Amino acid sequence: MAGEKEYGVAIIGAGHAGAQAAIALRKEGFTGTVALIGDEPDPPYERPPLSKDYLKDEKTFERMLIRRPDFWADKEIALLPATRIEAVDAAARRLAVADGPAIRYGKLIWAAGGRPRPLPCGSDVGLRGVHAVRTRTDVDRLKVELPAARRAVIIGGGYIGLEAAAAMAGRGLDITVIEAEDRLLARVAGADISAFYRRRHEAAGVRFLLGTRTSCLRAEDGAIAWVELERGETLPADIVIVGIGILPNVEPLLAAGAEGDNGAVVDASCRTSLPDIWAIGDCARHRNPYAGGAAVRLESVQNANDQANVAAADICGRPAKYEALPWFWSNQYEVRLQTAGLSAGHDEAVLRGDPETGRFSVCYLKAGQLIAADCIGRPADFVQAQKLIAAGVRPQRAALEDPETPLKSLLPV
Ligand SMILES: Cc1cc2nc3c(=O)[nH]c(=O)nc-3n(C[C@H](O)[C@H](O)[C@H](O)COP(=O)(O)OP(=O)(O)OC[C@H]3O[C@@H](n4cnc5c(N)ncnc54)[C@H](O)[C@@H]3O)c2cc1C
């Protein structure tokens, strides 16, 4: 058809995973044409600062760019202007575009990430005052409204909600965080970490409503006015941030016949069930050796980058498997959390150090084996825990809980 272009590799999604896949293809020596196709108006940028220093106005957008603007052309990577892929025809190797000619591909990397999960009561991100924190556009919109706001309600006590609370605290706002579980970060961290963050936020004046669900958002004159809770109470709000997780953007891929459910299912080389289509990053569901082989979807920069490298190597004919140890970080106030491994399914949590000092770790064990560690202000624990987890060590509890015993001394000799 007229105007249709064809690329050796088309990458859908110009976020962390997509950008890294394009970079890695060139590093692997791929000489064919590469298109990086995303639906955001900006060139690839780092998402983590959105809820941290970018929201606090301590980092400019230019400093968040994954590569300098002319990098893509230098590497002969076609960075298409905002383009949304609506459908995939895997047999014809064609991509239907919202407004414009279809795109043909030789190989396809699906790196479309996720979108904010809507509130069950039908939250309306778009209603004045109601926000998500997923894209630069989201945060710019939030930053425009913040100066006039007095009361902020954050729905969701996970990393995004807590980072946003920390970034907004200290500007005279009344901030309330609503969390359905009975503790913060319940999905991703142990109780000691939850309690530590709760105290730190409360010291900054943030209020928590735990074990609490919202029933609906009420608007007045086209703007958010109240958040209604299931238990009947109403909270006045000028700003609402909805941070209750994401839904993977895989519908076009699944409609094309790819196997999937809460993400596109991929094998160890990040291949989907469709020929010559890989899926990577937040939208890929893979069997992870550090989750006991369970199928998981990870939402982290590490996962996005490492899966991108695997897919690029596989496309270039170099055998590669995704078996990297997961790691993650979060910055709130002066507190830097570094996480090694995946703690889900642990049956024992060992505290290492005193949380009151602001320097401690929590080590997670499953059937005696170290599977993860959350490290606050203890970077050496983070580095050494990675080695212990990779080695499948079963440490003595007494040695683990002694903060003076270096974790590396627990490695087998
Ligand atoms: C506020 C925030 C803070 C975070 N902080 C941390 C952190 O501290 N540490 C950490 O490890 N991780 C953090 N993360 C998670 C991390 O940013 C993600 O795991 C990572 O961005 C995933 O990369 P991705 O490429 O899979 O998805 P994304 O970066 O989301 O990129 C996907 C892109 O695809 C586009 N797209 C979707 N559908 C289509 C379509 N049909 N056609 C074209 N384009 C499409 C999307 O708009 C998006 O631009 C944070 C995330 C957020 C939102």
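Rules behind the numbers
- Residues numbered from 1 in each chain as written.
- Predicted model: local features only at pLDDT ≥ 70, side-chain atom pairs only at ≥ 80, totals over all residues.
- Heavy atoms only, no water.
- Helix = DSSP H or I, 4+ residues; strand = E, 2+ residues; numbered from the N terminus.
- Rg over C-alpha atoms; globule rule 2.2 N^0.38 Å.
- Buried < 20%, exposed > 50% of the residue type's maximum accessible area, 1.4 Å probe, protein only.
- Contact = heavy atoms within 4.5 Å.
- Areas by Shrake-Rupley, 256 points an atom, 1.4 Å probe, with all protein chains shown as cover.
- Lys, Arg positive; Asp, Glu negative; His and termini not counted.
- Charge placed at Lys NZ, Arg CZ, Asp CG, Glu CD.
- Near = heavy atom within 4 Å.
- Polar contact = N/O pair within 3.5 Å; in protein donor to acceptor, adjacent residues only side chain to side chain.
- Domains from an automatic or database assignment.
- Disulfide = S-S within 2.5 Å.
- UniProt positions renumbered as here; feature names shortened; annotations may be inferred.
- Buried area = accessible area lost by both parts, 1.4 Å probe.
- Salt bridge = Lys/Arg side-chain N within 4 Å of Asp/Glu carboxyl O.
- Nonpolar A, V, L, I, M, F, W, Y, C, P; charged D, E, K, R; others polar.
- Pairing = 2+ DSSP bridges.
- Axes fitted to C-alpha atoms, helices over the stretch in contact; angles between N-to-C directions.
- Expected span 1.5 Å × (residues − 1).
- Core = buried A, V, L, I, M, F, W, Y, C linked by side-chain atoms within 4.5 Å.

Further remarks concern the overall build of the protein chain. Of the regular secondary structure elements, the protein chain holds nine helices and 25 strands. Taking 22 Å as the expected radius of gyration for a compact globule of 413 residues, we find that the protein chain reaches 22 Å, a close match to that expectation. The burial tally for the protein chain puts 52% of its 413 residues in the buried class. Of the contacts formed within the protein chain by residues at least 6 apart in sequence, a portion of 59% connects residues at least 24 apart. Surface summary for the protein chain: the accessible area is close to 18000 Å², and the carbon and sulfur share equals 49%. Of the side-chain charges in the protein chain, 50 are positive and 54 negative, and the distance between the mean point of each set is 3 Å.

The local shell around the ligand holds 32 residues, among which Asp39, Glu40, Lys52, Arg134 and Asp282 are the closest. Aspartate 282 has a polar side-chain atom sitting 2.7 Å from an oxygen atom of the ligand. Within the backbone of tryptophan 329, an N or O atom sits 3.0 Å from an oxygen atom of the ligand. Here the shell around the ligand spans two domains, since at least three of its residues come from each of domain 1 (5-115 + 247-315) and domain 2 (118-244).

Before going further, it helps to spend a moment on the state of the cysteines. Going through the model one piece at a time under the given rule, you end up with zero disulfides. Cysteine cysteine 270 is unpaired, with the sulfur of cysteine 283 as its nearest cysteine sulfur at 10 Å. Here cysteine 316 stays free of any disulfide, with the sulfur of cysteine 270 as its closest cysteine sulfur at 14 Å.

Taking the numbering used here, the UniProt-annotated feature "domain: Reductase C-terminal" (unreviewed entry) corresponds to residues 327-411. Along residues 327-411, the helical share is 21% and the strand share 39%, with 19 Å between the first and last C-alpha atoms.

The next subject is the domain arrangement of the protein chain. Domains assigned within the protein chain are domain 1 (5-115 + 247-315), domain 2 (118-244) and domain 3 (334-410). Facing 10 residues of domain 2, the contacting portion of domain 3 comprises 14 residues. Buried area between domain 2 and domain 3, both sides added, is near 980 Å², and the carbon and sulfur share of it is 60%. Broken down residue by residue, the surface that domain 2 buries against domain 3 is led by Asp192, Ile193 and Phe196, which jointly contribute 48%. Counting across the interface, domain 2 meets domain 3 through two salt bridges. Between glutamate 334 and arginine 200 there is a salt bridge, with the nearest N and O atoms lying 2.9 Å from each other. Between domain 2 and domain 3 we count three residue pairs in polar contact (both at pLDDT 80 or more) in total. If one sorts the elements of the side of domain 2 that touches domain 3 by residue count, helix 5 (residues 191-203) sits on top with six residues. Taken together, the residues of the side of domain 2 that touches domain 3 break down into six nonpolar, one polar and three charged.

So, on to the sheet that holds strand 15 (residues 239-242). The five strands are arranged 8-15-9-10-11 in an open sheet whose pairing can be described as parallel. For this open sheet the edge positions go to strand 8 (130-131) and strand 11 (207-209), each flanked by a neighbour on one side alone. When strand 10 (residues 174-178) meets strand 11, the two strands line up parallel, connected through three bridges. Considered in strand 11, the bridge of threonine 176 is made with arginine 207. Where helix 4 (residues 159-168) meets the sheet, its contacts fall on strand 9 (151-155), strand 10, strand 11 and strand 15, and the angle it forms with strand 9 comes to roughly 160°.

This next bit is on helix 7 (residues 301-315). Taking 1.5 Å of rise per residue, 15 residues should cover 21 Å, and helix 7 covers 21 Å from first to last C-alpha, within 8% of that figure. Most of helix 7 is tucked away: 12 of the 15 residues are buried. All buried positions along helix 7 are accounted for by Val301, Gln302, Asn303, Ala304, Gln307, Ala308, Val310, Ala311, Ala312, Ala313, Asp314 and Ile315. Buried-residue contacts for helix 7 involve strand 1 (5-12), helix 1 (16-27), strand 6 (103-110), strand 18 (277-279), strand 19 (284-287) and strand 21 (327-332). Glycine 317 sits one or two residues past helix 7 and shows a positive phi near 85°.

Counting 41 residues, the largest nonpolar core has Met168 and Ile193 as the members making the most contacts within it. Top contributing element to this core by residue count: helix 4, with six residues. The contact partners of methionine 168, leaving out residues within four places of it in the chain, are Leu55, Leu146, Ala152, Ile154, Leu173, Ile175 and Ile241. Judged by nonpolar contacts, the second largest core, of 34 residues, contains Phe30, Val310, Ala311 and Leu342.

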